[in-house]
Amino acid sequence: MSDFREQALHYHSHPVPGKISIELTKPAETVKDLALAYSPGVAEPVREIAADPANAYKYTGKGNMVAVITNGTAILGLGNLGPLASKPVMEGKALLFKRFAGLDSIDIEVKHRTTEDFINTVANIADTFGGINLEDIKAPECFEIEKALIERCSIPIFHDDQHGTAIVTAAGMLNALEVQGKSIENATIVCLGAGAAAVACMELLIKCGALREHIYMLDRKGVIHTRRDDLNEYKKLFANNTDKRTLQDVIEDADVFVGVSGPNLLAADDLKLMAEKPVVFACSNPDPEIDPALAHSARNDLIMATGRSDYPNQVNNVLCFPFIFRGALDVRASAINDEMKIAAVEAIRSIAKEPVPAEVLTAAGVDKLEFGDKYIIPKPMDPRLLPRIAKAVAIAAVESGVAQIDLPENYME
């Protein structure tokens, strides 16, 4: 780990500090170039945009620009370390937008006193961008922030820690249940964790067919049930009318375990209580709720996913967020709605069921990948992700009425 730490620090500091920079898209070599780029030439697009704000998409980089915005209150698994400490993560997100979807992205770290201050700051700068990716904002404030910004802004607002995680989880979960011969409609689901990712994952699974009354959610105090008087409005949505109080109570005969909590919280004996052919998504990073080797030694009939790249079935948000924004921005969507999220789920699901290109096998360092217990989710380097997800999302935006322009001709073909 010491070697890896030094490698990580060197990566971020050499050959220049940071991971992103700005590149020019126009020539700037002559006096004429500069006259066009700035004064007096720049006055012409200014006038056009003043006359019609939609012209900002024609004359500026707005339509290809995503802001990655945080307050640093929930940085990865490190907690509330403040806005500036979150900058490497936000730069990393910008890197992923560019690498996987060709989207320009800039990181913005906001210092504020109140939640309303943060909302006002983001709302006041929103028109600069084609979309906003909210990142590493703790619950429950993240729910209030996203809801307020969606109401106030005319561009897509997307809290990836919630919805990116939920989309990839739902895609993998539906495929895993299919492999196990089960259906989401009949599945009993245990969710360990009750933060932003947990709530979003369960809500999207419900939209995909899961029954709310079949979901048992747990926080640090145990099962979230209707007789508790300490629940916020988001946890109340998952308050189950049950006498069960512990993880051991609810996991007996459960079909699905979803962990978005902390390391080593699911014991092998707990896993043995689950129904036949269970599905386990242990997504705590870097250490999952149960070690995969331990899980497979306890159960030889399970399908397991984690958040790590060194195990099969990685639940990785990069499978969706760059491509969702690509599709949303390319039709100038005003929001990323449920129809677009479900379209992304179905696109990701379908890719995993198809033959895997040789270049993906090479990049993954394996000889074979085939839909089944060790391959329910595509690999992040799969080139099919961009055209398939972006197109599905763009079509859903048009059909659901949030797109401001039609699908471009021959889009992603």
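Since the model is a prediction, treat every value here as computed from it, not as a measurement.

Following the UniProt record, the feature "domain: Malic enzyme NAD-binding" (unreviewed entry) maps to residues 162-398 here. Secondary structure content for residues 162-398 is 41% helix and 10% strand, while the C-alpha to C-alpha distance between its ends is 23 Å.

As a further point, take unusual backbone geometry. The residue after S39, namely P40, is reached through a cis peptide bond having omega 5°. Here N285 and P286 are connected by a cis peptide whose omega angle stands at 0°. Structurally, P286 can be placed in the loop between strand 9 (279-282) and helix 13 (292-298).

All right, on to the layout of surface pockets then. The space that makes up the second largest pocket amounts to roughly 1,200 Å³. Lining the second largest pocket are 32 residues, with I22, E23, L24, T25 and G61 positioned closest to its centre. Residue assignment for the lining of the second largest pocket shows that the elements contributing at least two residues are helix 2 (31-37), helix 3 (43-51), helix 4 (56-59), helix 5 (87-101) and strand 2 (104-109).

A separate point is the sheet that holds strand 4 (residues 157-159). The strands making up a sheet associate through hydrogen bonds between their backbones, and the pairing can be parallel or antiparallel. The parallel open sheet is built from four strands, whose spatial order is 2-1-3-4. Either end of the sheet is taken by a strand with one partner, and the two such strands are strand 2 and strand 4. Between one strand axis and the next, the sheet turns through 25° on average, direction left out of account. Here strand 1 (residues 65-70) runs beside strand 2; their pairing, made up of six bridges, is parallel. Within the sheet, the bridge partner assigned to V68 lies in strand 2 and is D107. Each of strand 3 (131-134) and strand 4 is contacted by helix 8 (residues 160-179), which is oriented at about 75° to strand 4, the strand it contacts most.

Parameters at a glance
- Residues numbered from 1 in each chain as written.
- Predicted model: local features only at pLDDT ≥ 70, side-chain atom pairs only at ≥ 80, totals over all residues.
- Heavy atoms only, no water.
- UniProt positions renumbered as here; feature names shortened; annotations may be inferred.
- Helix = DSSP H or I, 4+ residues; strand = E, 2+ residues; numbered from the N terminus.
- 1 Å grid on protein atoms, 1.4 Å probe; cavity = no way out; pocket = protein on both sides within 12 Å on 5 of 7 lines; lining within 4 Å.
- Points joined across faces, edges and corners; volume = space filled by probe spheres on them.
- Pairing = 2+ DSSP bridges.
- Axes fitted to C-alpha atoms, helices over the stretch in contact; angles between N-to-C directions.
- Contact = heavy atoms within 4.5 Å.

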